[in-house]
Amino acid sequence: MKHYESSLRTNSTVDQAQDSVTKLHNAVTQALSHPAEQMIDQAENSLEHAEEAVRHAPEGSVGGHGVDLTEDRLAEEKRRLASLDEPGGKARS
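Residues numbered from 1 in each chain as written. Predicted model: local features only at pLDDT ≥ 70, side-chain atom pairs only at ≥ 80, totals over all residues. Heavy atoms only, no water.

Remarks on the overall build of the chain
Along the chain, the regular secondary structure elements total 4 helices and 0 strands. Helices and strands in the chain line up, N terminus first, as α-α-α-α. Contacts spanning at least 24 positions in sequence make up 72% of the contacts within the chain whose residues lie at least 6 apart. When the accessible surface of the chain is summed, it comes to about 6200 Å², and 52% of that surface belongs to carbon and sulfur atoms. (Helix = DSSP H or I, 4+ residues; strand = E, 2+ residues; numbered from the N terminus. Contact = heavy atoms within 4.5 Å. Areas by Shrake-Rupley, 256 points an atom, 1.4 Å probe, with all protein chains shown as cover.)

See the structure below:
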């Protein structure tokens with residue numbers, strides 16, 4: 001199966017930010033599934049990288065295209081990660 005979406009990608013700062021947020025999503029999902037301190041630390045490190053990538057996303061965007069969506073995805077992942085430290089959420093082991 002061909003991946004047409006990949007042919008449309010330009011490896012811009014927006015694409016890089018989207019990839020970074022996707023990696024963050026995966027790390028947060030793992031931390032939620034297995035809330036060991038190491039997994040949470042990995043998710044927090046991934047968050048730092050994603051935040052940096054999203055900060056730079058507007059530099060390579062055309063008219064801001066894709067930046068808002070990427071920022072929204074980052075905000076959602078931050079909420080998911082924060083739920084690990086909330087009362088009633090999964091605590092660090």
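From this point on, the discussion continues.
Description of the pattern of salt bridges
In this structure the tally under the stated criterion is 4 salt bridges. A salt bridge links Glu51 to Lys78, with the shortest nitrogen-to-oxygen separation between them at 3.0 Å. Of this pair, Glu51 sits in helix H3 (residues 37-56) while Lys78 sits in helix H4 (residues 67-82), placing them 27 residues apart in sequence. For Glu51, a relative accessible area of 22% corresponds to the partly exposed category. (Salt bridge = Lys/Arg side-chain N within 4 Å of Asp/Glu carboxyl O. Buried < 20%, exposed > 50% of the residue type's maximum accessible area, 1.4 Å probe, protein only.)

Topic: the packing of H3 against H4
Relative to each other, H3 and H4 sit at 160°, their axes nearing to 11 Å. Between H3 and H4, the crossing angle belongs to the class labelled roughly antiparallel. The element H3 and its partner H4 pack so that their crossing is left-handed. On H4, the residues touching Ala43, Glu44, Leu47, Ala50, Glu51 and Val54 of H3 are Thr70, Glu71, Leu74, Lys78 and Leu81. (Axes fitted to C-alpha atoms, helices over the stretch in contact; angles between N-to-C directions. Parallel < 35°, antiparallel > 145°, perpendicular 65-115°, else oblique. Left-handed = near helix turned anticlockwise from the far one by under 90°.)

So, the nonpolar core
Core analysis: the biggest nonpolar cluster contains 20 residues, and Leu24, Val28, Ala31, Ala43, Leu74, Leu81 and Leu84 have the highest contact counts within it. Of all the elements in the fold, those that place two or more residues in this core are helix H2 (13-33), H3 and H4. Counting residues per element, this core draws most heavily on H2, which supplies 8 residues. Residue contacts for Leu74: discarding those within four places in its chain leaves Val21, Leu24, Leu47, Ala50, Glu51 and Val54. (Core = buried A, V, L, I, M, F, W, Y, C linked by side-chain atoms within 4.5 Å.)

Considerations on the confidence of the model for the chain
On average, residues of the chain score 86 in pLDDT, and 80% of them reach the 70 mark or higher. Every residue in residues 1-7 is under pLDDT 50, and counting partners more than four places away or in other chains gives 0 contacts. (pLDDT = per-residue confidence, 0-100.)

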